[in-house]
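Descriptive structure summary
Residues per chain, in single letters:
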Amino acid sequence: GGGGKPSTAADSATTAAATAAEYSSGASKQMVKAVLDYEGGQTEYNDISVTAGDILMLTGADNGGWSTVVRSDGVSGFVPTNYVQALDALAPPPTTPSIAVAPGTRADVDKVAHDIEALVEARVGALLQKHLAPVATSTRGDTEPTVIDVHTAALLDDA
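Just so it is clear, the model here is predicted, and its values are computed rather than measured.

Confidence in the prediction for the protein averages 73 pLDDT; 55% of positions are at 70 or higher. Taken element by element, the predicted model of the protein shows its lowest mean pLDDT in helix α1 (residues 9-13) (48) and its highest in strand β4 (residues 76-80) (93). Note that residues 1-7 has pLDDT below 50 and, in this model, 16 contacts with residues that lie over four places away or in other chains. Under a pLDDT of 50 for its full length, residues 9-15 has, in the predicted model, 3 contacts with residues more than four places off or in other chains.

It is worth spelling out the packing of aromatic side chains at this point. Applying the stated criterion across every chain yields a total of 2 aromatic pairs. Ring plane angle 75° and centroid distance 6.0 Å describe the contact between Tyr38 and Trp66, whose orientation is recorded as edge-to-face. Of this pair, Tyr38 sits in the loop between β1 (30-34) and β2 (55-63) while Trp66 sits in strand β3 (residues 66-70), and the two are 28 residues apart along the sequence. A single burial state applies to Tyr38 and to Trp66, both of which are buried.

Residues Val112, Ile116, Val120 and Val124 make up a contiguous nonpolar surface patch of about 340 Å² in total accessible area. Within the secondary structure, Val124 is located in helix α4 (residues 106-131). The class for Val124 is partly exposed, based on a relative accessible area of 42%.

What counts, and at which threshold
Residues numbered from 1 in each chain as written. Predicted model: local features only at pLDDT ≥ 70, side-chain atom pairs only at ≥ 80, totals over all residues. Heavy atoms only, no water. pLDDT = per-residue confidence, 0-100. Helix = DSSP H or I, 4+ residues; strand = E, 2+ residues; numbered from the N terminus. Contact = heavy atoms within 4.5 Å. Phe/Tyr/Trp six-rings, centres within 6.5 Å; stacked < 30°, edge-to-face > 60°. Buried < 20%, exposed > 50% of the residue type's maximum accessible area, 1.4 Å probe, protein only. Patch = residues over 30% accessible without salt bridge, like charges linked within 9 Å, V, L, I, M, F, W, Y side chains within 5 Å. Areas by Shrake-Rupley, 256 points an atom, 1.4 Å probe, with all protein chains shown as cover. Salt bridge = Lys/Arg side-chain N within 4 Å of Asp/Glu carboxyl O.

Set out below in C-alpha cells:
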C-alpha cells in the first residue's frame, strides 16, 4: 500500500527554503488551486494541509492519486490530486463581457445611465462656464472666432 507516495516528511523539511524561493519565482512550474480543504498528516508520508483557494505550485504529477505541491510558505508535500485543479482550467472561456439584466429592470438601467450622463454634462458645463467662458469672451483684436470660441459657445449654449 502506501498510495504510491515516495517521500517522507524529513525529505521536504530540508528543502523548505529552496522550495519557497522556487514558488515565488514561479520557475515555469504549473500553478494549481486547492478546490477543497485537506488536513495533512493523515498518512505515514508527507501529506500537507491545504485550504480551498490556496494557490500551489505543482512539482510532481499525479502519482497514484497524489500530487506533489509547494505551498506559498515553501512547505512541500502531497495532496490528493482531485483536491487541486490547474489554474488555466479554472479560467472561464474568453467571452464578450456582458451585464445580465433581470427582466423589467432595463428601464431602470437606462434611467440610471441617463441620470449619470445628465450629471456629467451639468458638471462639465459648469466647469466650461467657469474656466473657458472668460477665454471665449476675451478680446484679442481679431474679428474671426477661433475654433475654441465656436466649441465653447456651443457647449455653453447647451449648459
